Amino acid sequence: MRVSYPFSAIVGQDEMKLALMIAACDPGIGGVLVFGDRGTGKSTGVRALASLLPTMNVVGNCRYNCDPENVSPTCPDCNAPDREPGKAKKVSVPVVDLPLGATEDRVVGALDIERALAHGEKVFEPGLLAQANRGFLYIDEVNLLEDHLVDLLLDVAASGENIVEREGLSIRHNARFVLVGSGNPEEGELRPQLLDRFGLSVDVSTPKEPKQRIEIMRRRDEFDRDPSAFVQAWKRKDGALRGKITKAQNALGAVELSDEMLEMISALCIALGTDGLRGELTMIRTARAIAALAGASDVTKKHLYTAAPVALRHRLRRDPLDDAGSAIRVERAAQEILG
Amino acid sequence: MDGAGDGAVDGVGADLGAGRWDDAMLSASLFAVASNDIGGIHVRARPGPVRNAWLDLVRDLVPENITFYRLPLGITADRLLGGIDLAATLSQGRPIFEQGVLARADGGVLVAPMAERMNEETVSNLARALDTQQIVIERDGVSDTAASRLAIIAIDEAAEPDECPPSMLLDRLALTIDLEGISIHDMVSGLGDPGDVADAIRRMENASINDEELEALSSIALSMGIHSLRPVIHASVIARAHAALASRDIVEPDDIIVAARLVLAPKATMWPSAPQEEEPQDATPPEPEQSDQENDEPDDPSKDLSDIDKPLEDVVLEAIVAAMPDDVLAHLRSSNAGAIRGGRDGRAGATQVSKTRGRPAGTRRGARIHGQRMNILETLRASAPWQRLRGGDPAAGNLKVLAEDFRFNRYKNKTETTTIFVVDASGSSALNRLAEIKGAVELLLADCYVRRDEVSLIAFRGTSAEMILPPTRSLLRAKKELAGLPGGGGTPLASGLDSALALAEGVKSKGRTPVIVVMTDGGANVGRDGQGGRSQAAVDAASAARMIRATGVSSILIDTAKRPHPQSKDVADEMGALYIPLPRADAKRVADTVNVAVAERVQI
């Protein structure tokens with residue numbers, strides 16, 4: 001298996017890195033959408049995330065990544081009648097790559113055909129959604145994914161549960177994951193229903209600054225020549241980031257959010273005309289996570305400023321006749337309200 | 001006049017073909033040296049001896065242990081990534097997985113003919129293999145990762161100027177060569193030496209490129225409108241490969257020039273040094289035989305490196321301009337078309353009504369419909385629970401499969417439409433109307449992605465018609481392209497209709513359903529020949545309209561005149577178009593009308 005490019009070695013793309021770290025810090029944020037031109041390092045960034053994530057405890061022989069402290073009452077493995085509870089073990093948080101061309105049986109899981117044929121046993125073979133439980137599910141080219149798979153993923157992502165009814169099997173299991181999608185808007189737009197489901201969204205573009213561009217090329221070349229040495233060289237920096245995420249995860253619950261800040265969030269969402277409460281809730285969580293990552297005890301205006309574009313830009317009602325990009329509209333509103 | 005080391009060219013004047021052949025030879029050597037790190041090469045060539053000769057030469061140049069694989073056109077995902085081996089699965093009574101082409105071609109060269117027709121799914125899978133050097137398989141009950149380090153030779157056999165391989169693929173291929181217009185006589189310069197290539201491969205490891213050179217490549221790319229960094233990285237690799245071929249360990253300006261010319265220039269979307277883009281003298285889609293006119297005397301390709309004071313970037317740009325004289329604009333225009341059109345699904349097949357093609361969308365059970373493909377794995381799954389009851393014994397190869405177990409692949413029929421707006425951009429009312437149309441196009445696109453439809457825009461004014469927006473699904477791109485839409489001049493309706501029909505034919509050949517929406521407010525007053533005169537213009541418009549009817553393309557004519565014009569109605573009738581008078585149309589109403597009318601028209 002090829003090693004992936006270290007997260008901390010990515011030059012620039014601060015907003016994308018921040019969004020991914022927020023999602024790592026607070027998985028309840030509702031996923032991240034990364035949109036941008038070709039060759040901007042979108043998928044490199046997401047795939048690099050895997051090496052950065054802290055470890056988690058799982059029940060040893062559970063294929064659904066159950067937490068030993070909190071075993072799911074529906075888990076088909078943990079609740080199997082004649083089963084010894086497995087020893088808890090530490091694994092890294094899974095980042096499951098959903099390849100384009102994945103078939104439905106591998107995504108949701110299906111009857112284990114070998115055992116069915118050889119032994120006449122009806123056994124469920126879990127799919128990618130089970131693997132991704134408590135982790136990340138990454139879809140590159142999310143705008144090109146088959147519609148029926150998109151619908152299925154949306155449904156599971158919203159309910160946190162995968163329900164399988166096929167081949168005489170009736171299975172349900174937890175499937176809580178952070179959905180990360182990336183794509184190039186020039187290849188086609190994303191369906192609005194899908195857009196809205198993502199908690200955060202980021203627009204990435206190629207850096208134009210010569211020094212930065214050279215640095216990107218140098219590092220890429222170094223990585224391509226000797227991937228493992230390169231990863232080794234960046235190990236400490238990645239480790240530091242991982243520490244930061246773990247610390248922020250623990251601090252998250254204690255971050256204060258004053259009424260004044262809450263009001264500003266509401267005013268901002270009203271000014272931008274975002275539909276429903278989802279925008280406000282995401283703003284709150286995002287601002288908290290940003291504060292926690294920064295080691296602050298209180299959410300301040302500065303955190304709201306940083307949070308607004310990632311949390312709100314994709315929730316604006318589409319106005320095809322307004323040429324201003326959504327990022328600019330969010331920025332204008334933020335300046336007006338946050339002062 | 002020998003170009004500095006760029007091969008011998010004799011006689012009357014170096015001509016385009018010989019220059020192209022020299023580039024093709026050089027690219028072949030560079031490809032052989034750097035094939036691991038450059039994604040591959042985009043070869044514009046139709047079948048013929050030149051193409052075969054070039055491919056043979058590449059085969060001779062690459063190290064012997066590298067194998068060539070051919071990518072069948074229209075390959076399905078299960079063959080590309082791997083899938084169930086039907087015979088083995090049935091004979092053994094358990095699923096047997098068979099490797100796909102991408103895994104088998106690991107470490108080799110993948111030759112993809114007719115890359116311009118490659119479908120979206122194949123392109124994405126190739127792109128992912130190039131990016132990650134491996135493939136992830138999650139299908140047919142198999143979960144696996146396999147190494148897939150490839151170099152791709154994408155052969156682009158496009159006959160139409162608007163056809164080209166998707167840019168998702170092209171962006172990842174470092175080199176581009178054009179073998180069109182090369183005759184046997186041009187193939188003078190000989191083959192590089194496989195021994196030199198082998199030396200260069202070893203030497204390349206250590207070939208170094210300095211920051212100034214990297215910066216030059218990077219800023220040249222930006223000034224050519226190339227935003228992706230991938231081509232720049234590729235150019236730096238090619239520069240190192242070129243240095244290595246010349247037995248040098250250090251990259252010199254010469255290498256940068258070659259890299260910029262072979263890697264960056266073909267991907268340019270704008271041309272930096274040209275102050276004024278030459279007004280396209282012929283705004284209808286470019287004629288294929290354009291290359292004939294380009295045999296003017298080329299400039300001396302020798303590079304003027306005497307003025308060291310200039311920044312490297314300028315030196316390189318000048319050298320490129322000198323080396324690709326008259327070819328440049330035409331070349332740029334066609335690569336432009338690629339850049340704009342890029343990412344489009346170039347899939348083949350006009351048989352979209354068939355139940356056996358298209359993108360898979362799950363399976364269905366039930367009786368077999370003629371020609372439908374069975375999904376073996378799902379069928380086995382369905383039969384598995386019943387084996388004991390039926391008295392089967394899979395372990396002994398005795399599997400009882402009944403008709404009720406059969407599962408068939410379901411495919412999503414592509415009924416995507418491409419709406420072609422043909423807009424009258426003439427006269428005084430043009431500006432208002434254009435604003436409305438722009439709004440309507442954007443509104444249509446805003447909900448097009450639900451249906452995966454495309455919109456395109458042709459404007460006619462003055463003496464000719466012009467493609468403003470090639471078929472696209474992207475609101476983003478539409479906004480970019482529509483930003484500067486010109487208006488004013490005569491009404492060459494016939495040219496507009498001709499262009500629309502040509503585009504519609506192209507759309508059809510890609511398996512989409514074209515719908516032409518003409519918006520005009522009055523009579524034609526410019527004929528096909530670009531001359532004024534109402535009567536001839538009307539005759540031409542009528543004949544163009546009849547052509548559209550004859551080919552069976554659905555059409556709608558929206559009359560935006562204050563008082564509906566009888567002549568517009570006549571044209572609509574000739575065209576077999578739905579005629580909708582819509583005075584004072586605003587963007588919203590146009591969009592709604594088109595939406596409804598298109599839905600009605602497309603129903604078949």
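Each value, and the rule that gives it
- Residues numbered from 1 in each chain as written.
- Chains lettered and ligands numbered in written order.
- Predicted model: local features only at pLDDT ≥ 70, side-chain atom pairs only at ≥ 80, totals over all residues.
- Helix = DSSP H or I, 4+ residues; strand = E, 2+ residues; numbered from the N terminus.
- Buried ≥ 20, exposed ≤ 12 C-beta atoms within 10 Å, placed from the backbone.
- Contact = placed C-beta atoms within 7 Å.
- Pairing = 2+ DSSP bridges.
- Axes fitted to C-alpha atoms, helices over the stretch in contact; angles between N-to-C directions.
- Nonpolar A, V, L, I, M, F, W, Y, C, P; charged D, E, K, R; others polar.
- pLDDT = per-residue confidence, 0-100.
- Parallel < 35°, antiparallel > 145°, perpendicular 65-115°, else oblique.
- Left-handed = near helix turned anticlockwise from the far one by under 90°.

So, the overall build of chain B
Tallying secondary structure elements over chain B gives 21 helices and 17 strands in all. Here chain B holds 604 residues, and 52% of them are scored as buried. Restricting the contact set of chain B to residue pairs at least 6 apart, pairs at least 24 apart contribute 77%.

A closer look at the sheet that holds strand β1 (residues 40–44) of chain B
Working definition: the strands of a sheet are paired by backbone hydrogen bonds and lie parallel or antiparallel to each other. Residue and element names in this part refer to chain B. One open sheet accounts for 5 strands, arranged β2-β5-β8-β1-β9; its pairing is parallel. Two strands in the sheet have a free side with no partner beyond their single neighbour: β2 (68–70) and β9 (175–178). Taken pair by pair, the neighbouring strands of this sheet meet at an average axis angle of 20°, ignoring direction. Of the pairings in the sheet, the one linking strand β5 (residues 108–112) to strand β8 (residues 150–156) comprises 5 bridges and is parallel in character. Paired with L110 across the strands is I152, a residue of β8.

Let's talk about the interface of chain B and chain A
Facing 63 residues of chain B, the contacting portion of chain A comprises 52 residues. Counting residues per element, the side of chain B that touches chain A draws most heavily on helix α6 (residues 120–132) of chain B, which supplies 7 residues. Per-class residue counts for the side of chain B that touches chain A are 24 nonpolar, 19 polar and 20 charged.

As for unusual backbone geometry
All names here are of chain A. Of note in this structure, N65 is not a glycine but carries a positive phi near 55°. Structurally, N65 is set in the loop between β2 (55–59) and β3 (88–92). Despite not being glycine, E141 has its phi angle at roughly 55°, a positive value. The topology assignment puts E141 in the loop between β7 (135–140) and α6 (147–159).

Points about the environment of D196(B)
Residue and element names in this part refer to chain B. Structurally, D196 is set in helix α8 (residues 194–204). Judged by local crowding, D196 falls into the partly exposed class, with 18 C-beta atoms found within 10 Å. C-alpha separation for the pair D196 and S247, spaced 51 residues apart in sequence, amounts to 8.7 Å.

Digging into the sheet that holds strand β4 (residues 95–98) of chain A
Residue and element names in this part refer to chain A. With parallel pairing, the 5 strands of this open sheet are ordered in space as β4-β7-β10-β1-β11. Sheet topology places β4 and β11 (200–204) at the edges, where each strand pairs with a single neighbour. Direction aside, neighbouring strands of the sheet carry axes that sit 15° apart on average. Pairing of β7 with strand β10 (residues 177–183) involves 6 bridges; the strand directions are parallel. Paired with L137 across the two strands is L179, which belongs to β10.

Quick notes on the confidence of the model for chain B
Per-chain confidence: chain B averages 74 in pLDDT, with 75% of residues scoring 70 or above. The complex model carries a pTM of 0.70, and its ipTM stands at 0.75.

A short note on the packing of α8(B) against helix α10 (residues 230–245) of chain B
The relative placement of two packed helices comes down to the angle between their axes together with the axis-to-axis distance. Residue and element names in this part refer to chain B. Running from amino to carboxyl end, α8 crosses α10 at an angle of 125°, the nearest separation of the two axes being 8 Å. In terms of orientation, α8 and α10 fall into the oblique class. The two elements α8 and α10 cross, and the hand of that crossing is right-handed. Residue-level inspection shows D196, A200, R203 and M204 of α8 in contact with α10, the latter providing R240, A241, A244 and L245.

Remarks on the pairing of strand β15 (residues 513–520) of chain B
Residues and elements named next belong to chain B. Here β15 lies mainly inside the structure; 8 of its 8 residues are buried. Burial of the side chains of β15 extends over both faces: T513, V515, V517 and M519 are buried on one face and P514, I516, V518 and T520 on the other. In the sheet, strand β12 (residues 417–424) pairs with β15 via 7 bridges, with the strands oriented parallel. Looking at β15, one finds that V423 is bridged to M519.

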